[in-house]
Amino acid sequence: MISSAAAPAPSRIQRLKTWISRETTGGVLLIGAAFLALLWANSPWRESYQALSDTVVGPAMIGPLPVHLDLPLTAWAADGLLAIFFFVVGVELKHEFVAGSLRNPKEAGVPMIAAVGGMAMPAVIYVGTLLLLGEPGALHGWAIPTATDIAFAVGVLAIFGRGLPAAIRTFLLTLAVVDDLLAIIVIAIFYTSEIHWLPLLGTLVCVALFWWHVRSRKPRWFVLLPLAVVAWALMHASGVHATIAGVLLGFTVPAIAMHGEAKSRTSLYEHRIKPLSSGFALPVFAFFAAGVSLVDGEGPGAVIGQPVVAAIAAGLVLGKILGVLGTTALVTRTTPLRLPDGIGVRDLLPVGFLAGIGFTVSLLISELSFGDSEHTDGAKIAILGASVLAAILGGISLRWDARRARTADMNLDGRADVISEYIGDAKDRESH
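For clarity, every value in this text was computed on a predicted model and none was experimentally measured.

### A short note on the overall build of the chain
- Assigned secondary structure in the chain consists of 17 helices and four strands.
- Dimensions of the chain along its principal axes, counting C-alpha atoms only, are 65 × 60 × 40 Å.
- Going through the 432 residues of the chain one by one, you find that 49% of them count as buried.
- Pairs at least 24 residues apart make up 79% of the contacts formed inside the chain by residues separated by at least 6 positions.

### Regarding the packing of aromatic side chains
- Overall, the coordinates contain nine aromatic pairs when judged by the stated rule.
- Aromatic side chains W40 and F287 sit 5.9 Å apart centroid to centroid with 50° between the ring planes, which places their arrangement in the tilted category. Placement of the pair is W40 in helix α2 (residues 23-41) and F287 in helix α11 (residues 265-289), with a sequence separation of 247 residues.
- Seen from their ring centres, Y49 and F287 are 5.4 Å apart, and the 75° between their planes marks the pair as edge-to-face. One end of the pair, Y49, is in helix α3 (residues 46-54); the other, F287, is in helix α11, with 238 residues separating them in the sequence. Each of the two residues, Y49 as well as F287, counts as buried.

### A word on unusual backbone geometry
- If you check the backbone angles, H259 has positive phi at about 55° while not being a glycine.
- Here H259 lies in the loop between α10 (243-252) and α11.
- Of note in this structure, F359 is not a glycine but carries a positive phi near 50°.
- Position of F359 relative to the elements: it lies in helix α15 (residues 359-370).
- Residue class for F359 comes out buried when judged on its relative accessible area of 3%.

### Considering the pattern of salt bridges
- Applying the stated criterion across every chain yields a total of eight salt bridges.
- Note that K274 and E92 form a salt bridge whose closest N and O atoms lie 3.7 Å from each other. Placement of K274 in helix α11 and of E92 in helix α4 (residues 73-99) is noted, with a sequence separation of 182 residues between them.
- Residue class for K274 comes out partly exposed when judged on its relative accessible area of 22%.
- Across the salt bridge formed by D179 and K320, the nearest N and O atoms sit 2.8 Å from each other. Residue D179 is located in helix α7 (residues 167-190), and its partner K320 is located in helix α13 (residues 307-334); the two are separated by 141 residues in the primary sequence. The residues D179 and K320 share a single accessibility class, namely buried.
- What you see here is one network of salt bridges that share partners, running through R346, D347, D401 and R406.

### Description of the nonpolar core
- Counting residues in hydrophobic clusters, the biggest one holds 89 residues, and the most contacted among them are F171 and I312.
- The leading source of residues in this core is α7, at 12 residues.
- Leaving out residues up to four positions away in the same chain, I312 has contacts with Y126, I144, P145, A379, A382 and I383.
- One finds F87, L224, A231 and Y269 within the second-largest nonpolar core, a separate group that totals 13 residues.

### A word on helix α5 (residues 105-132)
- Taking 1.5 Å per residue as the helical rise, α5 with its 28 residues ought to reach 40 Å, and the 39 Å between its terminal C-alpha atoms agrees with that figure.
- Of all the bends in α5, the greatest measures close to 25° and is centred on P111.
- Of the residues trailing α5, G134 is marked for its positive phi of about 70°.

### A closer look at the packing of α4 against α15
- As a packed pair, α4 and α15 sit with axes 12 Å apart at the nearest point and diverge in direction by 145°. As for how α4 packs across α15, the hand of that crossing is left-handed. Judged by residue contacts, A78, L82, F85 and F86 of α4 engage T360, V361, L364 and E367 from α15.
- Broken down by class, the residue content of the contact of α4 with α15 amounts to six nonpolar, one polar and one charged.

Criteria and cut-off values
Throughout this document, residue positions are counted from 1 along each chain, in the order its sequence is written. Since the coordinates come from a predicted model, pLDDT governs what is reported: local features require at least 70, and pairs of side-chain atoms require 80 or more to be given and counted, while whole-chain, interface and lining totals use all residues. Only heavy atoms go into the side-chain values, all of them from the structure, while hydrogens and water stay out. Helix numbering and strand numbering both begin at the N terminus, where a helix is a DSSP run of H or I of at least 4 residues and a strand a DSSP run of E of at least 2. Working definition: with a 1.4 Å probe on protein chains only, accessible area under 20% of the residue-type maximum means buried, over 50% means exposed, and in between means partly exposed. Only heavy atoms enter the contact rule, under which two residues are in contact if any of them lie within 4.5 Å. Centres within 6.5 Å are what make two rings of Phe, Tyr or Trp a pair, Trp counting through its six-membered ring; a difference in plane orientation under 30 degrees is then read as stacked, over 60 as edge-to-face, and the rest as tilted. By definition here, a salt bridge exists when the distance from a side-chain nitrogen of Lys or Arg to a carboxyl oxygen of Asp or Glu is within 4 Å. The nonpolar core is taken to be a set of buried Ala, Val, Leu, Ile, Met, Phe, Trp, Tyr and Cys residues, with the residues joined through side-chain atoms within 4.5 Å. Here the expected length of a helix is defined as 1.5 Å per residue gap, with one fewer gap than residues. One axis fitted to the seven residues ending at a residue, another fitted to the seven starting there: the angle between these axes is the bend at that residue. Angles shown run from 0 to 180 degrees and are taken between the N-to-C directions of axes, each axis being a line fitted to C-alpha atoms and, for helices, limited to the stretch in contact. Crossing handedness is read from the near helix: turned anticlockwise from the far helix by less than a right angle, it gives a left-handed crossing, and turned clockwise, a right-handed one. Any residue outside Ala, Val, Leu, Ile, Met, Phe, Trp, Tyr, Cys, Pro, Asp, Glu, Lys and Arg is labelled polar, Gly included; the first ten of those are nonpolar and the last four are charged.

Written as structure tokens, this is what we have:
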């Protein structure tokens, strides 16, 4: 009898990568980085935080060619590090569209439409609140409360949603992925002031070369990485937000296994890049984006009392709930589309709260909307406060939902629900 050799124990580096890639870890690192920034920005040493944020690094020119990459660290975090995050988003979107939850529009129809409603209603509430409070000058930030932070939201679900059907996680992921896609489109269309076509054309050439090489039998990192860096630099020079380059590059990665490989390259690249995104890029961005000083100027009352704070908070916490629940109820009652097995409308209350965790993309859009204007600090405080409140309400409603008895036909499609996995199962933890 031949015994199979035991699998080698994972190394410390592998265990660290696995820990960083966990959904709960990403949320904790984001919150920790933002909290540290707030403490430092409001401490007696706040001038050193501002000096660090304003430190300029990078070349203004390479030889005779002006590249304008002499940027402060805050800009590198928002334009550079977030491109890594958006590459992971692009890879995830590609996988979901080709081989995941978005490949079948009938199954993905309800969360996709709910994502649209979950973006439209916060924007409406934001605009209505500002007009009601007499602050039309901040209307350009209408997209701030429309975003959902996937890492943060799914992390809260993983902690507090144990025992609920795993289909709720798939619904939230599908909603958040479509939300991210729409947010990318919004950034590209509404937050691009001027387009320089020659650098943009150069970006597309680099993306095409990246696409060609990433589909080859043995793509090499020392070819892909320079192509990605040049594509990012050209996109930055084009006037379109540089993070869009990350999305385009992510979309080029094949989502179906090829050349005899056991896994698709979207799965492989996400596994490799996600620790860098979750463990470094996102926390560093949060650290530089969340450092709002409440002790300078007219004090915290003046910042928190800005109409933009109420508008963003109402949009994220109230708008997401109304948008997700209202759209889902309307769709399932007026069309043949139904929720997946095991999910009832009541399960969408915590989903709606979790969708109100804006954080990463909301902070990015606030910087694109206001820059260094008087509304920036208020917008960031509103995003942080509303996201934490939405996370708390989401966690409470998840535990309430898990304790309530469930019927045999939660989605009311006339058939008994078939549920094979629950959040927190060993299988669920291994697969995610």
